[in-house]
Amino acid sequence: MQWLYCDFHIHTTWSDGQCSLDRVVELYGTAGFDVIAITDHVLDSKSIIKSGKREAELRAVSREGFSDYQQALWAAARRAWEKYAMLLIPGIEITNNTSRYHILALDVKDYISPDLDVETIIEKTRAQQGISVACHPYVRNHSGEDPSVHLWKNHERLATMFDAWEVANRDDLFNVVGLKKFNYIANSDFHEERHLLSWKTLLRCEKNIEAVKEAIRNNDRVSLFLYRGGKIK
C-alpha cells in the first residue's frame, strides 16, 4: 500500500467555484495528487425561495441538472485517470443554509435533497455506498462564520453517524474535532486556485475508490498535511 495525497472537498463552475472542471483536474493532476472529490453545492429549497432566484443564478446544481453534472464528472474522471493516474470521486455538498448544516456525500449516484434532516441524508448516502462527511463543523477562524452550526450543536448524537468529520478546512484547524477523537479528514474547500494551498488528507491504502472509501471509514491510516505548493511526488 502507498500513502495517497487526497482532497475531498472541491467546487467548480458547476456551482460557486471559479475554476472549470477541466482546470481543477489540471491543477491537482500536475501537482501530483492521487485522489480528489468534486463536491459542488446542492441547495435547500427554503434558501432558494428566500433568494427569489433559481439554482443556476445561485450557482448550484439543481435536481434537474444532476444527471448532466454526474455525466460531466464521470467524463472528467476518465481524463484524470488517463492523463494523471488520479482518481476523481463524484460528490456533492448537501447545503442547507436554512437549518445550517453542510454535508459532503462522496461517490453518490442519485440526487439527495438538502431539505432532508441530517440523519436521513446520512442514511441515503450510506444506501448508495457513499461516504458522508460533516463539513467545517465548527466556527471558521478566518471568517468567524459557522455554516454548519447545527452539526456541532448535535455532535454527541451525530458523532459516529458520519463516516468522517473535517478536522481541517482550507486554513482552519478544528481542534475540537481532534479532541473528540472523531474519524477525520482534511480538505481545501477549494473555490479558486489559491485554495490549492491548504489542508489536505493522506490515506494509506490501495489506489482505487472502494479502498479509499474504506480507509476513510476505518480511519486508522489517515493523516493530514498543509500543502504549500510544488509537485508532491
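Below you will find a few notes about this structure. (Residues numbered from 1 in each chain as written. Predicted model: local features only at pLDDT ≥ 70, side-chain atom pairs only at ≥ 80, totals over all residues. Heavy atoms only, no water.)

Right, let's talk about the overall build of the protein chain for a bit. Per the secondary structure count, the protein chain includes nine helices and 10 strands. Considering the protein chain as a whole, with its 233 residues, one finds that 56% of them fall into the buried category. Seen as two clouds, the 30 positive and the 33 negative side-chain charges of the protein chain have centres 3 Å apart. (Helix = DSSP H or I, 4+ residues; strand = E, 2+ residues; numbered from the N terminus. Buried < 20%, exposed > 50% of the residue type's maximum accessible area, 1.4 Å probe, protein only. Lys, Arg positive; Asp, Glu negative; His and termini not counted. Charge placed at Lys NZ, Arg CZ, Asp CG, Glu CD.)

It is worth spelling out the pattern of salt bridges at this point. Taken as a whole, this structure holds 15 salt bridges when the rule is applied. Residue Lys 109 pairs with Asp 107 through a salt bridge whose shortest N-O separation is 3.3 Å. A salt bridge links Asp 189 to Arg 170; the nearest nitrogen and oxygen atoms lie 3.9 Å apart. In this pair, Asp 189 is assigned in the loop between strand E8 (184-187) and strand E9 (199-205) and Arg 170 in the loop between strand E6 (164-169) and strand E7 (172-173), connecting sequence segments 19 residues apart. Overlapping salt bridges, with partners in common, bring together Asp 107, Lys 109, Glu 210 and Lys 213 in one network. (Salt bridge = Lys/Arg side-chain N within 4 Å of Asp/Glu carboxyl O.)

Right, let's get into the pairing of strand E2 (residues 35-43). Burial runs high along E2: nine of the nine residues are buried. Of the two faces of E2, the one lined by Val 35, Ala 37, Thr 39, His 41 and Leu 43 and the one lined by Ile 36, Ile 38, Asp 40 and Val 42 are each fully buried. Pairing between strand E1 (residues 2-10) and E2: three bridges, direction parallel. Bridge pairing in E2 links Ile 10 to Ile 38. Two elements, E2 and strand E3 (residues 87-96), share nine bridges in a ladder whose sense is parallel. Looking at the pairing, Val 42 lines up with Ile 94 of E3. (Pairing = 2+ DSSP bridges.)

In this section: helix H1 (residues 21-31). Of all the residues in H1, the buried ones are Leu 21, Val 24, Val 25, Leu 27, Tyr 28, Gly 29 and Ala 31. Among the structural elements, E1, E2, helix H4 (66-84), E3 and E9 are those in contact with the buried residues of H1. (Contact = heavy atoms within 4.5 Å.)

The next thing to look at is the packing of H1 against H4. Close contact between H1 and H4 brings their axes to 10 Å; oriented N to C, the two are set at 30 degrees. In terms of orientation, H1 and H4 fall into the roughly parallel class. Here H1 runs over H4; the crossing is right-handed. Seen from H1, the contacting residues are Leu 21, Asp 22, Val 25, Glu 26, Gly 29 and Thr 30; seen from H4, they are Ala 72, Leu 73, Ala 76, Arg 79, Ala 80 and Tyr 84. Across the contact of H1 with H4, the residue classes break down as seven nonpolar, two polar and three charged. (Axes fitted to C-alpha atoms, helices over the stretch in contact; angles between N-to-C directions. Parallel < 35°, antiparallel > 145°, perpendicular 65-115°, else oblique. Left-handed = near helix turned anticlockwise from the far one by under 90°. Nonpolar A, V, L, I, M, F, W, Y, C, P; charged D, E, K, R; others polar.)

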